[in-house]
Amino acid sequence: MNRPVVFSDFDGTITEKDVLMSIVQHFAPPIWKDIWNKIFTREITISEGVKQLFHLIPSSKKDEIVNWCLKNMKIREGFKDFLLFLRQKDIPFIVLSGGLDFYIHPLLEPYRELIYNIYANKALFDERYIKVEFIYKCNNVCKEDCGMCKPYIIEKYYKIFKPKIYIGDGITDLTSASISDIIFARDYLAKTLQSLKIKYFEYSSFIDIYQNLNKLI
């Protein structure tokens, strides 16, 4: 199918800050740093780390967390105009996030009609502490055990779309970027792609992405 599709990470990509880590830093007890170090040193997997981090936070904090996010987390400049550009071109915009649905959906609600689909981990609040349910786990496409396998989603639901355009910034975006045709990267992802000599376009806002993509498609 000669129809482009755009995939985008959420935390630190659509948003200016990593919302997941901002929530943990603000609402979890200091022991979260020990868990984060274990993730960083690969002593535990990303999915196990996310599960442990949110299990530090009481479920009763749900509404407080959502309101705090709406007040403090900012969407990256040019996001709505970029989505409108994609709608004009009839290009689907797919959000692929290793974060949690309970804060992602409220933050994206003003743009929801312009977003084709959102994939994220599910937060459960029926016990004392927040539980994380991983719906889209890694298969043979990826072995990173991130919890929400972005390459799995791309290969299962959007394999025939081309070109595949990927926007990301972090460690969980590397495999997805490597199976995409056009990559927009910043931060960790940009540095890693550079070291691997994989072509990408750097961005700081969605205005940058629009300006480059408008020339490419």
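Before any of the text, the structure's been laid out above.
Residues numbered from 1 in each chain as written. Predicted model: local features only at pLDDT ≥ 70, side-chain atom pairs only at ≥ 80, totals over all residues. Heavy atoms only, no water.

Draft legend 1. Inspection of the packing of helix H5 (residues 79-88) against helix H10 (residues 206-216) at higher detail. One way to put it is that H5 packs onto H10 with a least axis distance of 8 Å and a crossing angle of 25 degrees. Considering their axes alone, H5 and H10 lie roughly parallel with respect to each other. Considering the relative orientation of H5 and H10, their crossing is left-handed. Every residue of H10 that contacts H5 at Phe-79, Phe-82, Phe-85 and Leu-86 is listed here: Phe-206, Ile-209, Tyr-210, Leu-213 and Asn-214. Looking at the contact of H5 with H10 residue by residue, the classes come out as eight nonpolar, one polar and no charged. (Axes fitted to C-alpha atoms, helices over the stretch in contact; angles between N-to-C directions. Helix = DSSP H or I, 4+ residues; strand = E, 2+ residues; numbered from the N terminus. Parallel < 35°, antiparallel > 145°, perpendicular 65-115°, else oblique. Left-handed = near helix turned anticlockwise from the far one by under 90°. Contact = heavy atoms within 4.5 Å. Nonpolar A, V, L, I, M, F, W, Y, C, P; charged D, E, K, R; others polar.)

Draft legend 2. Representation of helix H7 (residues 150-157). The complete set of buried residues in H7 reads Lys-150, Pro-151, Ile-153 and Ile-154. Projected onto a plane normal to the axis of H7, the buried residues spread over an arc of 160 degrees and lie on a single side. (Buried < 20%, exposed > 50% of the residue type's maximum accessible area, 1.4 Å probe, protein only. Arc of directions from axis to C-beta.)

Draft legend 3. Region of interest: unusual backbone geometry. In this structure, the amide linkage connecting Lys-162 to the following residue, Pro-163, adopts the cis form with an omega of 0 degrees. Positive phi is not limited to glycine here, since Arg-42 has a value of about 65 degrees. Along the chain, Arg-42 falls in the loop between helix H2 (32-40) and helix H3 (46-54). Of note in the backbone geometry, Lys-197 takes a positive phi value of approximately 60 degrees without being a glycine. Under the relative-accessibility criterion, Lys-197 is labelled exposed at 76%.

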